[in-house]
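Structural description and commentary
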Amino acid sequence: MRVDDIRGMFPALARQVGGRQAIYFDGPGGSQVPRSVADAVSNHLLESNANYGPNFITGRETIAVVQEVRRKLAKFLNCGETEVSFGQNMTSLTFAFSRALSMTWQVGDNVVVSEMDHDANITPWVLAARDRGVEVRVARYDREAGTVTKDEVLRLVDDRTKLVAITLSSNLVGSHVEVGGICREVRGRGVRVFVDGVHHAPHERIDVKDLGCDFLVCSAYKFFGPHVGILFGRGEVMRELNPYKIIPASDAEPHCWETGTQNFAGLAGLSAGLDYLWSLGRDKEAGFSATFDYIRELEAPLVDRFLERFRELKNYVLHGIAGSEGRSPTFAFTSQIESPERLAKRLGDQGVFVWNGHMYAVRLVDALGLKREEGVLRVGLMHYNTVSEVDRLFDLLEGL
Ligand SMILES: Cc1ncc(COP(=O)(O)O)c(C=O)c1O
């Protein structure tokens, strides 16, 4: 599929602002969706709208939607179907799960978080640790490496460490973390690894078996779907835990981890979003790995163009990794002259959608020596963006 065909599947990309086509560089805040996703949400609401469980056709259709999306997600993440549960979003899932996991911690234990993470993978653990009298250790962002290194995380792990909570890639500067290496090092030492896959999911294959993590969260609205949170929990580990649940809710895996009524229309949309991703893979034998091979192929020239043009730009500072390796196509930068807010507004007025601020990665903004109230300008490239869109961004920045 060529990028023009892909773009044709995303109706939002045709939007005009001031007579020119809008440019969506806001992917890390939430990607756009193919029409098939919106149709699936709407069809579910209009034709199969029922709660989970009743003995009539729409109820059975709802059950089928949930079963089908679990089956597809098991392929997407390379895990078992009963290892996938759903919730409102990543933040809510992490808060709820932190409650159950922290019941296994004792005074004198410790947990490791990283200052590069989105706060949704920090504060739930900090609060749980406070409640249980457990120490929190913070892995530092290495400015030279542009990331949190494996060595830095492992330096903090000892025989009282119960958890490492770490992201696969930063939603602010785009840098990857060597999560697979961390999992391999701590395996068998009683340390659980909880991975934030939210920013990684639209760009790279996430194979939880290959990673070797215990838990992983992601959010469908970041990878071309609607607002649904997803939690992977390794079966044998989940069965050791007591979920926080109400009495009539099912005790069976994975339903015992799902609080209240799920967003079934959203799950129908997620199912269509996974079909879209599947359709991008050229080698169906390779499954979703082929999807992400193609996505990386589409993203690579965008990253190269961005970096090439950035090097020519005067009075701007790029934060994080300066090259194209070890990163997602997400860039954070500041101007030495203009505030991120003013820049974002001026670009927004021209139909170029970029975010400004801290993106909830507040500790990383501190580590970069920036002000939380100002933050950065963030440009997030997606596989549906084009080199000419990147050029228009830089033409505008040069003119501002
Ligand atoms: C890396 C990362 N983690 C976690 C979150 C929180 O996700 P949610 O909005 O699903 O709670 C975000 C949202 O921006 C994110 O980018």
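Structure: above.
Residues numbered from 1 in each chain as written. Predicted model: local features only at pLDDT ≥ 70, side-chain atom pairs only at ≥ 80, totals over all residues. Heavy atoms only, no water.

Re the overall build of the protein chain
- When helices and strands are tallied, the protein chain shows 14 helices and 15 strands.
- Against the compact-globule benchmark of 21 Å for 400 residues, the protein chain has a radius of gyration of 21 Å, which places it among compact chains.
- Principal-axis analysis of the C-alpha atoms gives the protein chain an extent of 60 × 55 × 40 Å.
- A burial count over the protein chain gives 56% of its 400 residues as buried.
- Counting only contacts in the protein chain whose residues sit at least 6 apart along the sequence, the fraction spanning at least 24 positions is 70%.
- As presented, the protein chain carries roughly 17100 Å² of accessible surface, and 47% of it is formed by carbon and sulfur atoms.
- Computed over 46 positive and 53 negative side-chain charges, the inter-centroid distance for the protein chain is 2 Å. (Helix = DSSP H or I, 4+ residues; strand = E, 2+ residues; numbered from the N terminus. Rg over C-alpha atoms; globule rule 2.2 N^0.38 Å. Buried < 20%, exposed > 50% of the residue type's maximum accessible area, 1.4 Å probe, protein only. Contact = heavy atoms within 4.5 Å. Areas by Shrake-Rupley, 256 points an atom, 1.4 Å probe, with all protein chains shown as cover. Lys, Arg positive; Asp, Glu negative; His and termini not counted. Charge placed at Lys NZ, Arg CZ, Asp CG, Glu CD.)

Here's the deal with the environment of Ala-100
- Within the secondary structure, Ala-100 is located in helix α4 (residues 90-102).
- Distance in space between the C-alpha atoms of Ala-100 and Pro-301 is 44 Å, their sequence separation being 201 residues.
- Ignoring any residue separated from it by four or fewer positions in sequence, one finds Ala-100 in contact with Asn-242, Pro-243, Tyr-244 and Trp-257.

Examining the pattern of salt bridges
- Applying the stated rule across the entire model yields 30 salt bridges.
- With a shortest N-O distance of 3.5 Å, Arg-192 and Asp-214 are connected by a salt bridge. On the criterion of sequence distance, the pair formed by Arg-192 in strand β8 (residues 192-196) and Asp-214 in the loop between α8 (208-211) and β9 (215-219) is long-range, its members being 22 residues apart.
- Residue classification places Asp-214 among the buried residues on the basis of a relative accessible area of 3%.
- Note that Glu-240 is salt-bridged to Arg-192, the shortest N-O span being 3.5 Å. Separated by 48 residues along the polypeptide, Glu-240 in the loop between α9 (235-238) and α10 (264-280) and Arg-192 in strand β8 bring together distant segments of the chain.
- Among the charged side chains, a salt-bridge network with shared partners connects Arg-305, Glu-308, Arg-309, Glu-312, Asp-391, Asp-395 and Glu-398. (Salt bridge = Lys/Arg side-chain N within 4 Å of Asp/Glu carboxyl O.)

Remarks on the site of the ligand
- Residues in contact with the ligand, as listed here, are Asn-89, Met-90, Thr-91, His-118, Asn-171, Asp-196, Val-198, His-199, Ser-219, Tyr-221 and Lys-222.
- Here a nitrogen atom of the ligand sits 2.6 Å away from a polar atom, N or O, in the side chain of Asp-196.
- Protein contacts shield 90% of the accessible area of the ligand, which totals 390 Å² for the unbound molecule.
- Looking at the shell around the ligand residue by residue, the class counts come to three nonpolar, six polar and two charged. (Near = heavy atom within 4 Å. Polar contact = N/O pair within 3.5 Å; in protein donor to acceptor, adjacent residues only side chain to side chain. Nonpolar A, V, L, I, M, F, W, Y, C, P; charged D, E, K, R; others polar.)

Notes on the sheet that holds strand β10 (residues 229-233)
- If you walk across this open sheet you meet the seven strands as β4-β10-β9-β8-β7-β5-β6, and the pairing is mixed. In the strand order of this sheet, the two ends are held by β4 (84-87) and β6 (135-139), each with one partner. Recorded for the sheet is a direction-independent mean angle of 20° between the axes of neighbouring strands. (Pairing = 2+ DSSP bridges. Axes fitted to C-alpha atoms, helices over the stretch in contact; angles between N-to-C directions.)

Points about the sheet that holds strand β12 (residues 330-335)
- Strand order across the open sheet formed by four strands is β11-β12-β15-β14, with antiparallel pairing between neighbours. The open sheet terminates on both sides in strands that have one partner only, identified here as β11 (316-319) and β14 (355-357). For this sheet, the mean inter-axis angle between neighbouring strands, taken without regard to orientation, is 30°.
- With three bridges joining them, β14 and strand β15 (residues 376-380) adopt antiparallel strand pairing. Following the sheet pairing, Gly-357 is matched in β15 by Val-376.
- On the sheet, helix α12 (residues 340-349) packs against β11, β12, β14 and β15 and is oriented at approximately 40° with respect to β15.

Description of the packing of helix α11 (residues 288-312) against helix α14 (residues 387-399)
- Contact geometry for α11 and α14: axes closest at 9 Å, N-to-C directions at 20°. Judged by the angle between their axes, α11 and α14 are roughly parallel. Where α11 crosses over α14, the handedness of that crossing is right-handed. Mapping the contact onto sequence places Pro-301, Leu-302, Arg-305, Phe-306, Arg-309 and Phe-310 in α11 and Val-387, Val-390, Asp-391, Leu-393, Phe-394, Asp-395 and Glu-398 in α14.
- Looking at the contact of α11 with α14 residue by residue, the class counts come to eight nonpolar, no polar and five charged. (Parallel < 35°, antiparallel > 145°, perpendicular 65-115°, else oblique. Left-handed = near helix turned anticlockwise from the far one by under 90°.)

Focus: α4
- The terminal C-alpha atoms of α4, which comprises 13 residues, lie 18 Å apart, in line with the 18 Å expected from a rise of 1.5 Å per residue.
- Taken as a whole, α4 has its buried residues at Met-90, Leu-93, Thr-94, Phe-97, Ser-98, Ala-100, Leu-101 and Ser-102.
- Among the residues of α4, the N-terminal cap falls to Asn-89, whose side-chain oxygen and the backbone nitrogen of Thr-91 are separated by 3.2 Å. (Expected span 1.5 Å × (residues − 1).)

A few points about the pairing of β15
- With five of its five residues buried, β15 lies for the most part within the structure.
- Alternating residues of β15 divide into Val-376, Arg-378 and Gly-380 and Leu-377 and Val-379, and every residue in both groups is buried.
- Relative to β15, β12 runs antiparallel, the two being bridged by four bridges. Bridge assignment links Ala-332 to a residue of β15, and that residue is Arg-378.

A look at the side chain of Asp-391
- Tracing the sequence through the fold places Asp-391 in helix α14.
- Dropping the residues within four chain positions of it, Asp-391 is found in contact with Arg-305 and Arg-309.

Observations concerning the environment of Gly-181
- Its place among the elements puts Gly-181 in helix α7 (residues 179-186).
- Owing to a relative accessible area of 6%, Gly-181 belongs among the buried residues under this scheme.

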